[in-house]
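Working through the structure, step by step
Each chain, written out:
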Amino acid sequence: MSEVVRQLPVRRGRRSLADRVRPFFRTGFIGRDEYRQVFGSALRGGPDAPQVLFVHGPGGIGKSALLRQLADDADERGRTVVWVDGEYVLTSTSALTEAVAPVHTTERPVLVIDGFEHCQALEAWLREQLLPTVPEDTVVVIAGRRRPEPQWTLDLGWRHLVRTIPLAPLTQDEVSDLLTQRGVPGELHATVNGFAAGHPLTLCLAAEETTVKPGAVRDAEWEPSPQVIETLLARMIDRVPSAAHEYGLRVCGHVRHVTVGLLRTGLNEHDAHTVFDWLAGLPYVETGRHGLVCHELVREVLDSSFKWRDPVAYGELNLRLWRYLLNDRSPASDDEIDVAAGDLLYLSRYLSPAGAEILAFREREALFESAYLPEMREDLLRLAREYWGEEHTRLVAYWLDRQPEGFSVYHRAEDMTMVSFYAWLRLSPGTDELSGDPVLAPVREYLDQAGQVKPGEHVGVARFGVPALSAENYVAEVTVHTGYQSIKSLHRKDGLVASFLLVPNATAAVSQLEPYDLGLYRAIPELGDGSWGLFIRDWREIPLGQHLERTEEKLRGGVMLGDAVRETRAAPAMSQEEFFAAVKQALRDWHDDEALAVNQLIRVYGDLGALRAAVVTTVDALRQDPRRLRQQRAVQATYLDRDTNQRAAAARLGVPFSSYRRHLQSGEREICDALWQHHHRHDEASSPGTHTEQR
């Protein structure tokens, strides 16, 4: 294939290095058969065949690799490929016109434009001015991170010629083929793809990491290194415009659904709406019924990077978002309450490694929850029989007949197989349902105690279930389910006063459940092997909000997170001279996280992320004033763009060294002054969460 933008003279009759690379690429390319078939139909032509293919997806999803394969397919069919790299075109119509020019002198050309996100500002011009001039038999393939404008399919003419292709992750079989091809042991495939979620670049980076030092990774213990995380972050995330947008990305990586309300936890009203709209336009963010939803892998990468860089600010964000969701009074319908409870449960994964593993497993295996239906009865009883035996199954049937609405069933989306279920029983004083289940005699005694449970109130009991992951995870899985059901009830304000949990190996489970305010209420020696016990959490003694904060405190080491953050952020007074010196040192240490983390300004801004955001926002602000543009460029090139020396920066800018030095010194003074003024203007508002709020 030929890449017109970067053509080099080649001696005729001699093989090039590209000829050696091509067979390796062909054998290494995995999957994407359906997209190649669509492209093949475009090459063959016909009345219904597309002529413009618009491929889009997040960074690292395999767009460029697919385009190289399509170009190779076209070359094999005798078509001439004109390849344009959007990164070299940017927003210049003349550069794009020049790059595309060879299609006018080529027979049956295929025009490939890669990296279209770099020149997406030209999309309307491309559609309305440039493409209408190319030869009629041209097949066009465009690939970029962002979705194409809707005008492509709204236009009465183009809609018949354009096919939009959102590039999906690799399938399970394709993942297995890729990892096997790259030498990753089979026992690591599930663990690696649990993080990668079919994302090709992630899979390749993980494969490199597991095969370079094979003795360092045993069984299924692999987890992504900071190097993998940061490489992915650089490839996936475009430049972040401001500190407010950075806060939006942090929220986006931390929650299931992003709403304007969640963004208000750190932004003012105007910025919250602005950032929400910006997030909605990102290629890895989808618009859902309950808010914006970030692609799973991007969410994981954003969150892992933030946690690694600044664990204190990370914990504070988790607590802040948790408090917002807990106090949000907007859920009204059952559907909204289910979503709100699910969002709180999602945040709980940061506190419990076992809970995180369960939620990750459900996502990885594409398990979905549904209410019990009568036609599921035989499958559910079969599952109970295989897991617990006949006596236990008899009691499952007993409660299916009395509280079928209390059963939640999990299916595998791929084949609709039932893999798990849990029963959450709702019990009130005076019920006769407990007579058929002697194991729950302690619950009956609790209900019968005078004044313990009033009319209109009830208790919830996690009676039994079959875990989806493994028997070893039964306690963790039933705890997650209990938390989910309890939160839903408490949001509905339907009278739940206590939650009971029945688990095996009760003695061992005491320490596991204590951080979640679940205490052993009664041993149940008559059940199973005699190790079972009934645990209780009384919501009147420890309301939900207090429970969540207590849980956070216990699992993070005994100090309330808010107190720890406030202690960390107690900023000592700094003179202007000290402040300016710290700003200049921060600029010099910009690419050294360890040095920057001990800068005195951390005490002012609270964390590394907030300090970086403040500096970037201030440097960007200089660009808005034409009189300060040269200063901004000098500072950007010297400190922020890359780790370099001053002479190299001056050479990149194309200015004499003496002029460059003058611009740099002036720019440093402007930044120091702006940060100093901002610090004093908002000194009283510099408590946690207000730095971003002011921007």
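Residue numbers restart at each chain and count upward from 1, following the sequence in its written direction. Under the rules for a predicted model, residues below a pLDDT of 70 receive no local features and side-chain atom pairs below 80 are neither given nor counted, while totals for whole chains, interfaces and linings still include all residues. Side-chain figures throughout are based on the complete set of non-hydrogen atoms in the structure, without hydrogens or water.

1. Topic: the overall build of the protein chain
Only DSSP runs of H or I covering at least 4 residues are called helices, and only runs of E covering at least 2 are called strands; the numbering of each starts at the N terminus. Along its length, the protein chain carries 33 helices and 14 strands. Taking all 695 residues of the protein chain together, 52% fall into the buried category. Should any heavy atoms of two residues lie within 4.5 Å, those residues are considered in contact. Of all intrachain contacts in the protein chain linking residues separated by at least 6 positions in sequence, the fraction that spans at least 24 positions is 72%. Each residue is placed in one exposure class: buried if its accessible area under a 1.4 Å probe, protein chains only, is under 20% of its type's maximum, exposed if it is over 50%, and partly exposed if it falls in between.

2. Notes on the packing of aromatic side chains
Side-chain rings of Phe, Tyr and Trp, where Trp is taken by its six-membered ring, are said to pair if the distance between their centres is within 6.5 Å; with planes under 30 degrees apart they count as stacked, over 60 as edge-to-face, and otherwise as tilted. This model, assessed by the stated rule, comprises 15 aromatic pairs. Between tryptophan 152 and tryptophan 158 the ring centres are 5.5 Å apart and the planes differ by 70°, which places this aromatic pair in the edge-to-face class. Given the relative accessible area of 16%, tryptophan 158 is considered buried. Aromatic pair phenylalanine 407 and phenylalanine 421: ring centres 6.2 Å apart, planes at 35°, arrangement tilted. In this pair, phenylalanine 407 is assigned in strand 9 (residues 407-412) and phenylalanine 421 in strand 10 (residues 417-427), connecting sequence segments 14 residues apart. When sorted by exposure, phenylalanine 407 lands in the same class as phenylalanine 421, which is buried.

3. A few points about the confidence of the model for the protein chain
pLDDT gives the predictor's per-residue confidence on a scale running from 0 to 100. Residues of the protein chain with pLDDT of at least 70 account for 81%, and the chain-wide mean is 79. Taken together, the stretch residues 1-12 has pLDDT below 50 and engages in 22 contacts with residues farther than four places along the chain or on a different chain. Below a pLDDT of 50 lies the segment residues 216-220, which in the model reaches 8 contacts outside its immediate sequence neighbourhood of four places, other chains included.

4. Here we look at the packing of helix 12 (residues 243-254) against helix 29 (residues 608-622)
Following both chains from N to C, one finds helix 12 and helix 29 inclined at 145°, their axes separated by 8 Å at the closest point. In this structure, helix 12 uses Ala243, Glu246 and Arg250 to contact helix 29, whose residues at the interface are Gly609, Ala610, Ala613 and Thr617. Lys, Arg, Asp and Glu make up the charged group, whereas Ala, Val, Leu, Ile, Met, Phe, Trp, Tyr, Cys and Pro make up the nonpolar group; the residues left over, Gly among them, are polar. Counted by class, the contact of helix 12 with helix 29 contains 3 nonpolar, 2 polar and 2 charged residues. Axes here mean lines fitted to C-alpha atoms, for a helix over just the part in contact, with angles spanning 0 to 180 degrees between N-to-C directions.

5. Some words on the pairing of strand 10
Counting buried positions over the 11 residues of strand 10 gives 9, a clear majority of the element. Any two strands are treated as partners once DSSP identifies two or more bridges connecting them. For strand 9 and strand 10, the ladder comprises 6 bridges, and the chain directions are antiparallel. Bridge pairing in strand 10 links histidine 411 to methionine 418.

6. Observations concerning the sheet that holds strand 8 (residues 367-371)
Read across the open sheet, the 7 strands follow the order 8-9-10-11-12-14-13; overall the sheet is mixed. Looking at which strands have only one partner, the edges of the open sheet turn out to be strand 8 and strand 13 (519-524). In this sheet, neighbouring strand axes are inclined to one another by 25° on average, regardless of whether the strands run parallel or antiparallel. As paired elements, strand 13 and strand 14 (residues 532-538) share 5 bridges and run antiparallel to each other. Across the sheet, residue arginine 522 finds its bridge partner in strand 14, namely leucine 534.

7. Some thoughts on the sheet that holds strand 5 (residues 162-166)
Strands sit in the order 2-3-4-1-5 across an open sheet of 5 strands; the sheet is parallel. Of all strands in the sheet, those bounded by a partner on one side alone are strand 2 (80-85) and strand 5. Here the strands of the sheet are splayed against their neighbours by 15° on average, with no regard to which way each runs. Two elements, strand 2 and strand 3 (residues 109-114), share 6 bridges in a ladder whose sense is parallel. Among the inter-strand pairings, valine 84 is bridged to a residue of strand 3, identified as isoleucine 113. Here helix 3 (residues 63-76) sits on the sheet and contacts strand 1 (52-56), strand 2, strand 3 and strand 4 (139-144); the angle it forms with strand 2, its principal contact strand, is near 160°.

8. So, the pattern of salt bridges
Each salt bridge in this description consists of a side-chain nitrogen of Lys or Arg and a carboxyl oxygen of Asp or Glu lying within 4 Å of one another. Tallying each qualifying case throughout the model produces 18 salt bridges. In this structure, the salt-bridge partner of aspartate 73 is arginine 36, at a minimum N-O distance of 3.0 Å. Here arginine 36 lies in helix 2 (residues 33-44) and aspartate 73 lies in helix 3, a separation of 37 residues in the sequence. We classify aspartate 73 as buried; its relative accessible area is 5%. Judged by relative accessible area, arginine 36 falls into the partly exposed class, the value being 28%. Where glutamate 445 meets arginine 522, a salt bridge forms, and the shortest distance between an N and an O atom there is 3.2 Å. Residue glutamate 445 is found in helix 21 (residues 441-448), and its partner arginine 522 is found in strand 13; the two are separated by 77 residues along the sequence. Accessibility expressed as a relative area gives 32% for arginine 522, which makes it partly exposed. Each of Arg127, Glu128 and Glu149 takes part in one network of salt bridges that share partners.

9. With respect to the packing of helix 30 (residues 629-640) against helix 31 (residues 646-653)
Contact geometry of helix 30 with helix 31 gives a least axis separation of 9 Å together with a crossing angle of 130°. One finds that helix 30 runs oblique with respect to helix 31. In this structure, the crossing between helix 30 and helix 31 has a hand that is right-handed. Residues Arg633, Ala634, Ala637 and Thr638 of helix 30 lie in contact with helix 31, whose contacting residues are Gln646, Ala649, Arg652 and Leu653. Grouping the constituent residues of the contact of helix 30 with helix 31 by class yields 4 nonpolar, 2 polar and 2 charged. Relative orientations are named as follows: roughly parallel for angles under 35 degrees, roughly antiparallel for angles over 145 degrees, roughly perpendicular for angles from 65 to 115 degrees, and oblique for any other angle. Left-handed is the label given to a crossing in which the near helix is rotated counterclockwise from the far helix by less than a right angle, and right-handed is the label when the rotation is clockwise.

10. A look at the environment of tyrosine 639
Locating tyrosine 639 in the fold gives a position in helix 30. By relative accessible area, which is 8% here, tyrosine 639 ends up buried. For the pair formed by tyrosine 639 and leucine 587, sequence separation is 52 residues and the distance between their alpha carbons is 5.8 Å. In this view, tyrosine 639 contacts Leu587, Arg588, Trp590, His591, Leu664 and Glu668; residues no more than four positions away in its chain are not counted. Think of a polar contact as two N or O atoms within 3.5 Å of one another; within protein, one of them needs to be a possible hydrogen donor and the other a possible acceptor, and neighboring residues in sequence only count if both atoms come from side chains. Side chain to side chain, tyrosine 639 and glutamate 668 meet in a polar contact 2.5 Å long.

11. A few points about the environment of leucine 622
Considering the arrangement of structural elements, one finds leucine 622 in helix 29. Taking the C-alpha atoms as reference, leucine 622 lies 8.4 Å from glycine 667; in sequence the two are 45 residues apart. With residues up to four places along the chain from it excluded, the contact list for leucine 622 reads Arg628, Leu629, Gln632, Gly667, Glu670 and Ile671.

12. A word on unusual backbone geometry
Non-glycine residue arginine 32 carries a positive phi angle of around 65°. Summarising the element assignment, arginine 32 is placed in the loop between helix 1 (17-28) and helix 2. For aspartate 517, which is not glycine, the phi dihedral falls at a positive 60°. Within the secondary structure, aspartate 517 is located in the loop between helix 23 (506-513) and strand 13.

13. A short note on helix 14 (residues 269-280)
Each residue after the first adds 1.5 Å to the expected span of a helix. Counted at 1.5 Å a residue, the expected span for helix 14 with its 12 residues is 16 Å, and the 17 Å between its end C-alpha atoms agrees. Considered for burial, the residues of helix 14 that qualify are Asp271, Ala272, Val275, Trp278, Leu279 and Ala280. In this structure, the buried residues of helix 14 make contact with helix 12, helix 13 (260-263), strand 6 (285-288) and strand 7 (291-294).

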